[in-house]
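Summary of structural features
What follows is the residue order along each chain.
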Amino acid sequence: MSAIPAPLGQRPRGDKVRGTIFYVLLLISVAVGFIVLFTLIVDVVQKGIGYVDPLFFTEPNNPTNPQEAGAKPAILGTIYLMVLLLMFVVPIGVGTAIYLEEYADRERWYNRLLELNIQNLAAVPSIVYGILGLAFLVRGLGLGRVLLAGALILTLLVLPTVIVASREAIRSVPDSIRQGAYALGATQWQVVRRQVLPAAIPGIATGSILALARAIGETAPLLLVGALTYVTVDPSLLGSFTALPVQIYQWIARPQEEFRYLAAAGIMVLLAILLTMNAFAIWLRNRYQRRW
Amino acid sequence: MAAQDTTAGAQPIRLRAKGRRWGEDVVKGLLALCALVSVATTIGIIIALLEPSIEFFREVSIVDFFSGERWAPLFEPASFGVRPLLAGTFAVTFWACVVALPLGLGAAVYLSEYARPRVRNTLKPALEVLAGIPTVVFGFFALTFFTPLLQDFGIGVGIFNVLSAGLVMGVMLIPTVASISEDAMAAVPRELRDGAFGLGASKLQVATRIVIPAAVSGIVASYVLAISRAVGETMIVLIAAGGIAQLTADPREPAQTMTAFIGATGLGDVPTGSLEYKTIFAVGLSLFVITFFMNIISIRLVRKYREIYE
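Each value, and the rule that gives it
Residues numbered from 1 in each chain as written. Chains lettered and ligands numbered in written order. Predicted model: local features only at pLDDT ≥ 70, side-chain atom pairs only at ≥ 80, totals over all residues. Helix = DSSP H or I, 4+ residues; strand = E, 2+ residues; numbered from the N terminus. Rg over C-alpha atoms; globule rule 2.2 N^0.38 Å. Buried ≥ 20, exposed ≤ 12 C-beta atoms within 10 Å, placed from the backbone. Contact = placed C-beta atoms within 7 Å. Domains from an automatic or database assignment. Nonpolar A, V, L, I, M, F, W, Y, C, P; charged D, E, K, R; others polar. Core = buried A, V, L, I, M, F, W, Y, C linked by C-beta atoms within 7 Å. Axes fitted to C-alpha atoms, helices over the stretch in contact; angles between N-to-C directions. Parallel < 35°, antiparallel > 145°, perpendicular 65-115°, else oblique. Left-handed = near helix turned anticlockwise from the far one by under 90°. Expected span 1.5 Å × (residues − 1). Bend = angle between axes of the 7 residues up to and from the residue. pLDDT = per-residue confidence, 0-100.

A few words on the overall build of chain A. When you go through chain A residue by residue, the secondary structure sums to eleven helices and zero strands. Shown N-terminal to C-terminal, the secondary structure of chain A runs as helices and strands in the order α-α-α-α-α-α-α-α-α-α-α. Computed over its C-alpha atoms, the radius of gyration of chain A comes to 25 Å, more than 25% above the 19 Å expected for a compact globule of 292 residues. Its C-alpha atoms give chain A principal-axis dimensions of roughly 90 × 65 × 35 Å. A buried classification covers 45% of the 292 residues belonging to chain A. Taking as baseline every contact in chain A between residues at least 6 positions apart, the subset at least 24 positions apart corresponds to 75%.

For chain B, the count of helices and strands is 13 helices and two strands. Here chain B has a C-alpha radius of gyration of 27 Å; the compact-globule value for 310 residues is 19 Å, and the former is much larger. Taking the principal axes of the C-alpha coordinates as reference, chain B spans close to 105 × 65 × 35 Å.

We now examine the domain arrangement of chain B. All names here are of chain B. Assigned domains of chain B: these are domain 1 (23–71) and domain 2 (82–309). The gap between the C-alpha centroids of domain 1 and domain 2 is 25 Å. Of the residues lining the interface, 14 residues belong to domain 1; the matching set on domain 2 comes to 14 residues. Elements that contribute at least two residues to the side of domain 1 that touches domain 2 include exactly helix 2 (22–59) and helix 3 (62–67). In terms of residue count, helix 2 provides more of the side of domain 1 that touches domain 2 than any other element does, nine residues in total. Residue classes in the side of domain 1 that touches domain 2 are distributed as nine nonpolar, two polar and three charged.

Moving on: the nonpolar core. If you look at the biggest cluster of nonpolar residues, it comprises 188 residues, and the most contacted ones within it are A:Ile131, B:Val168 and B:Val177. Counting the residues that make up this core, at least three belong to each of domain 1 (23–71) and domain 2 (82–309) of chain B. Leaving out residues up to four positions away in the same chain, B:Val168 has contacts with B:Phe138, B:Phe141, B:Ala142, B:Phe146 and B:Ile236.

Here we come to the packing of helix 3 (residues 72–103) of chain A against helix 2 of chain B. Put simply, helix 3 of chain A and helix 2 of chain B touch, their axes get as near as 8 Å, and they point 115 degrees apart. On the basis of their axis angle, the class for helix 3 of chain A and helix 2 of chain B is roughly perpendicular. In the packing of helix 3 of chain A onto helix 2 of chain B, the handedness of the crossing is left-handed. Here A:Ile92, A:Gly95, A:Thr96, A:Ile98, A:Tyr99, A:Leu100 and A:Tyr103 of helix 3 of chain A lie close against helix 2 of chain B, whose contacting residues are B:Lys28, B:Leu30, B:Leu31, B:Ala32, B:Cys34, B:Ala35, B:Val37 and B:Ser38. Per-class residue counts for the contact of helix 3 of chain A with helix 2 of chain B are eleven nonpolar, three polar and one charged.

Our next topic: the packing of helix 6 (residues 135–152) of chain B against helix 7 (residues 162–186) of chain B. Two quantities define a packed helix pair, namely the angle between the axes and the distance from one axis to the other. Residue and element names in this part refer to chain B. At a minimum axis separation of 9 Å, helix 6 and helix 7 run at an interaxial angle of 125 degrees. In terms of orientation, helix 6 and helix 7 fall into the oblique class. Of the two possible hands of crossing, helix 6 and helix 7 adopt the one that is right-handed. Every residue of helix 7 that contacts helix 6 at Phe-138, Phe-141, Ala-142, Phe-146, Thr-147 and Leu-150 is listed here: Leu-163, Ser-164, Ala-165, Leu-167, Val-168 and Met-172. Grouping the constituent residues of the contact of helix 6 with helix 7 by class yields ten nonpolar, two polar and no charged.

It is worth spelling out the interface of chain A and chain B at this point. Taken together, the contact between chain A and chain B spans 70 residues of the former and 70 residues of the latter. Tallying contributions element by element places helix 1 (residues 13–48) of chain A first for the side of chain A that touches chain B, with 17 residues.

Below, the discussion takes up helix 8 (residues 188–216) of chain A. Look at helix 8 of chain A: only 36 Å from first C-alpha to last across 29 residues, short of the 42 Å you get at 1.5 Å a residue. Of all the bends in helix 8 of chain A, the greatest reaches close to 50 degrees and is centred on A:Ile201; the proline A:Pro202 follows between one and four positions later.

This part takes up the environment of B:Gly154. All names here are of chain B. Looking at where Gly-154 falls in the secondary structure, it is placed in the loop between helix 6 and helix 7. Residue Gly-154 is classed as exposed on the basis of its 6 C-beta neighbours within 10 Å. Taking the C-alpha atoms as reference, Gly-154 lies 34 Å from Gly-81; in sequence the two are 73 residues apart.

On to the confidence of the model for chain B. In this model, chain B carries a mean pLDDT of 87, and residues with pLDDT of at least 70 account for 94%. For this predicted complex, the interface score ipTM comes out at 0.90, alongside a pTM of 0.89.

A word on the environment of B:Thr291. Residues and elements named next belong to chain B. With respect to the helices and strands, Thr-291 occurs in helix 13 (residues 275–309). By the C-beta count within 10 Å, which is 22 here, Thr-291 ends up buried. A sequence separation of 61 residues divides Thr-291 from Ala-230, and the C-alpha atoms of the two residues are 9.7 Å apart.

If you want it as structure tokens, here you go:
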């Protein structure tokens, strides 16, 4: 008499219970992030909604009267930073990506080192970039604590992100398009400029906007290049400046309760800008991305 | 012989370009120049950190720096023991890991093994939104919402404390862990799962005994990167953990991290060349070296799983 084999399709009872517990744990893991995100937004809106009024957009900061304080120089500073950043980071980032994808020989040690270097730079703490700015731009070059220094430092900070996104976009253009153009007698640059780049532009734009959104939310490096000042005038390229996240930090650091509400109002504006940028990037990707 | 004669008079068509196209070389040079910007950045960071640090260590001995237990560069008599800053950094990182490592892995397993494609395709970008929230906002949340919440639950935390900063930072890092781990799990070949299912394994067994072990290098890479981010994160600790550099294991107390010290000191008008100014760079160098090694480990591990399965 041999043991009766267990029928197929049946498992020990404990298995099912364990499986369910595991599944619930996984659901909790996913949920925690969203619960915090939701709570955070509700909390910020509750605290800040009363302070998002026209004054907030037309007045400069007022360190004595939070009721009349606004964030005009900070909001303008953030917009100026965005424009400068776009002008600096997109050409350099896309140029690097084209070099690595279309020209560089992967077998060469210096090209491999270049890739490793970019991967490491992407994970260097942002405050270290602030130190770089403090040492070279603010003190070394004697630029002072100016808008341009802030823009340059943020450029270096998000350059790796733009490079990685652009490389992915360029890589997704199929080789058959390049071969076809070569067969018609195009030179390498003609192939890149007239075939590869136009096809890669949606991906590059999406990646650049996301990188820009990240840069706009950065605070730590700007603290070191001197954005934490009391500014009432609108920013200029070589003048002192502040930016929205720095202004928010300044308000949080104040002991009075009312400035916290002002900070919450600033966060609402900042998040609105960032969410708009993110939504635009996603729309762009869905609208123009081609599957080859 | 006759066949050769017919072609003798005609010129063979040359497929090579007639002249060298200099424009092509100029373009290539310009693109390489763009690529050099990132190399210059690294060299710049190293020089910016090393030079003042060397001067700093001429005035303060390295032994005192790493063994001293009191960090008080702004007081008389000044003391430059970096251990309180390291301890603060470690404590905040620890509490961030308590949240981010298990929950990030859980989220990755859910997305990769359990979620239907449609659910996955909505949840993944939504998680990215969490990753895109500026750190100053998380700092605000930790200080004005989470710390009071902990107090309401009877955990006697101070206004500034390690626990709140660390836990909120952990939530911020969940997408980092989840995204890289999920990539690694997606690279595990389907045959491995099907084989296990064929032998009668349950979904739980496939996830924990097949997929997680097969994706382990990617998971570890995501962990190392998350730890590196936690060590380098500035704003949450600057806002929510307070500014007191002290050696304590009690997470309800305030602490100062390396990054928070750099931030707090660097935003003032520190005179260039003073010892105080140089401490920023000495601490910055320590921070850079620590994160550099973790980044390299993480990059290598990611390459490893890509090599195995792709």
